[in-house]
Amino acid sequence: MLELNGVSARYGSVPAIANVSIRIGAGEAVGLLGANGAGKSTTLRAISGLVGLSAGSISFDGIDVAALPPHRRPELGIAHVPEGRQVFPEMSVQENLEIGAYVPKAKAERARTMELVYEIFPRLAERRRQLAGTMSGGEQQMLAVGRGLMLKPRLLMLDEPSLGLAPVMTDVTFEKIGEIHRMGTAILLVEQNVSRALSLVSRAYVLESGNVIMHGSSAELAGNKQVQTAYLGI
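Caption draft 1: Seen up close, the sheet that holds strand S5 (residues 63-64). An order of S2-S1-S4-S5 is seen for the 4 strands of this open sheet, with the pairing classed as antiparallel. The sheet is open, and its two edges are formed by strand S2 (14-24) and S5, each paired on a single side. Note that strand S1 (residues 2-11) and strand S4 (residues 53-60) share 6 bridges and pair antiparallel. Bridge pairing in S4 places Leu-2 opposite Phe-60.

This is how it looks when you write it as C-alpha cells:
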C-alpha cells in the first residue's frame, strides 16, 4: 500500500533522513523506532508533505505521493496525527472532529463517522460540547486520534501518542489504537515506549541518525540484544 524507496529529506542544509525505505501493507500495523532525533517524525512529515524530499520516492497504491501537494494527500486516505496533539483549544470537541472530515469523501459521511468515533471514545461523546483546551492531556490525545479517524483513513500515522500521558492513559490510548487497527485501518506508529509499540505492531523499522539500521518482526526486535540495550533498557 505505502512504499518509501530511498527517501532523503533535510531541513535547510541539515540532513534529517537518508535513503529510508519502508513498506506498509493494507491493514498492517508497523512501527518506527529510534532515539530522539533519529528521523522518525521527519519520515511521517515526508509522507504528509510537510517536508520536501531531496531524493527518493513515496507511493500509495501506486500513486506518486511526492508529486502531490500536502493538502491532496489526505484524499488518498492518509491521516497524520502529529506529536503534541495540536487540537484547537478554543473549539469544542465536536467542532475539532468536524474539522477532521474536510476532504469531500469524508465530509459526505461526517455524521456517521462521528458516531463511530464516539463509540470508540465514549469520553469524547460525554464531552462533545466541552472546549478542547480545558481537557486533560489524555482526553486531548483521544481527540487528536478521533480527528484523524474523521478523515476515514486507510492509513493512520501516529506520532508519539503516549507522550506526556500518565500510565493509565497510555494503557487506554494503546487499547484504542489496537481497536482501530482491528477495524482494518493500517497503522504507522512512532513511539518512544518501545515495548508498548512492539506489543501493538507486527513488525518495525529502527532508525538511527536518519538511517534505517534494522527491520524485523516485533518478536525478532524485542529479542534483539542491540534493541534491548538501546531502547528497552535491558
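Caption draft 2: Structural context of helix H6 (residues 137-149). With 13 residues, H6 extends 18 Å between its outermost C-alpha atoms, agreeing within 8% with the 18 Å of an ideal straight helix rising 1.5 Å per residue. The buried fraction of H6 is high, at 12 of 13 residues. Of the positions making up H6, those classed as buried are Gly-138, Glu-139, Gln-140, Gln-141, Met-142, Leu-143, Ala-144, Val-145, Gly-146, Arg-147, Gly-148 and Leu-149. Contact partners of the buried residues in H6: strand S6 (78-81), helix H2 (93-100), helix H4 (110-120), helix H5 (122-126), strand S7 (155-159) and helix H7 (167-182).

Caption draft 3: Focus on the confidence of the model for the protein. Mean pLDDT over the protein: 91, with 98% of residues reaching 70 or higher. Taken element by element, the protein is modelled with least confidence in helix H10 (residues 225-231), mean pLDDT 73, and with most confidence in strand S8 (residues 186-190), mean pLDDT 97.

Caption draft 4: Just the nonpolar core, in detail. Grouped together as the largest cluster of nonpolar side chains are 44 residues, with contacts concentrated most on Phe-121, Leu-124 and Leu-156. No other element matches H6, which puts 5 residues into this core. Beyond its immediate chain neighbours, meaning those up to four positions away, Leu-124 contacts Val-93, Val-117, Tyr-118, Met-135, Glu-139, Met-142 and Leu-143. Counting residues in each nonpolar core, the second largest holds 27 residues, with Leu-2, Ala-9, Ala-38 and Ile-58 among its members.

Caption draft 5: The layout of surface pockets, seen in detail. Here the largest pocket is characterised by a volume of approximately 510 Å³. If you trace the largest pocket, you find 20 residues lining it, with Pro-74, Ala-79, His-80, Pro-82 and Tyr-102 closest to the centre. Broken down by secondary-structure element, the contributors of at least two residues to the lining of the largest pocket are S6, H2 and H6. For the lining of the largest pocket, the class distribution of residues is 12 nonpolar, 5 polar and 3 charged. Here the second largest pocket is characterised by a volume of approximately 180 Å³.

Rules behind the numbers
- Residues numbered from 1 in each chain as written.
- Predicted model: local features only at pLDDT ≥ 70, side-chain atom pairs only at ≥ 80, totals over all residues.
- Heavy atoms only, no water.
- Pairing = 2+ DSSP bridges.
- Helix = DSSP H or I, 4+ residues; strand = E, 2+ residues; numbered from the N terminus.
- Expected span 1.5 Å × (residues − 1).
- Buried < 20%, exposed > 50% of the residue type's maximum accessible area, 1.4 Å probe, protein only.
- Contact = heavy atoms within 4.5 Å.
- pLDDT = per-residue confidence, 0-100.
- Core = buried A, V, L, I, M, F, W, Y, C linked by side-chain atoms within 4.5 Å.
- 1 Å grid on protein atoms, 1.4 Å probe; cavity = no way out; pocket = protein on both sides within 12 Å on 5 of 7 lines; lining within 4 Å.
- Points joined across faces, edges and corners; volume = space filled by probe spheres on them.
- Nonpolar A, V, L, I, M, F, W, Y, C, P; charged D, E, K, R; others polar.

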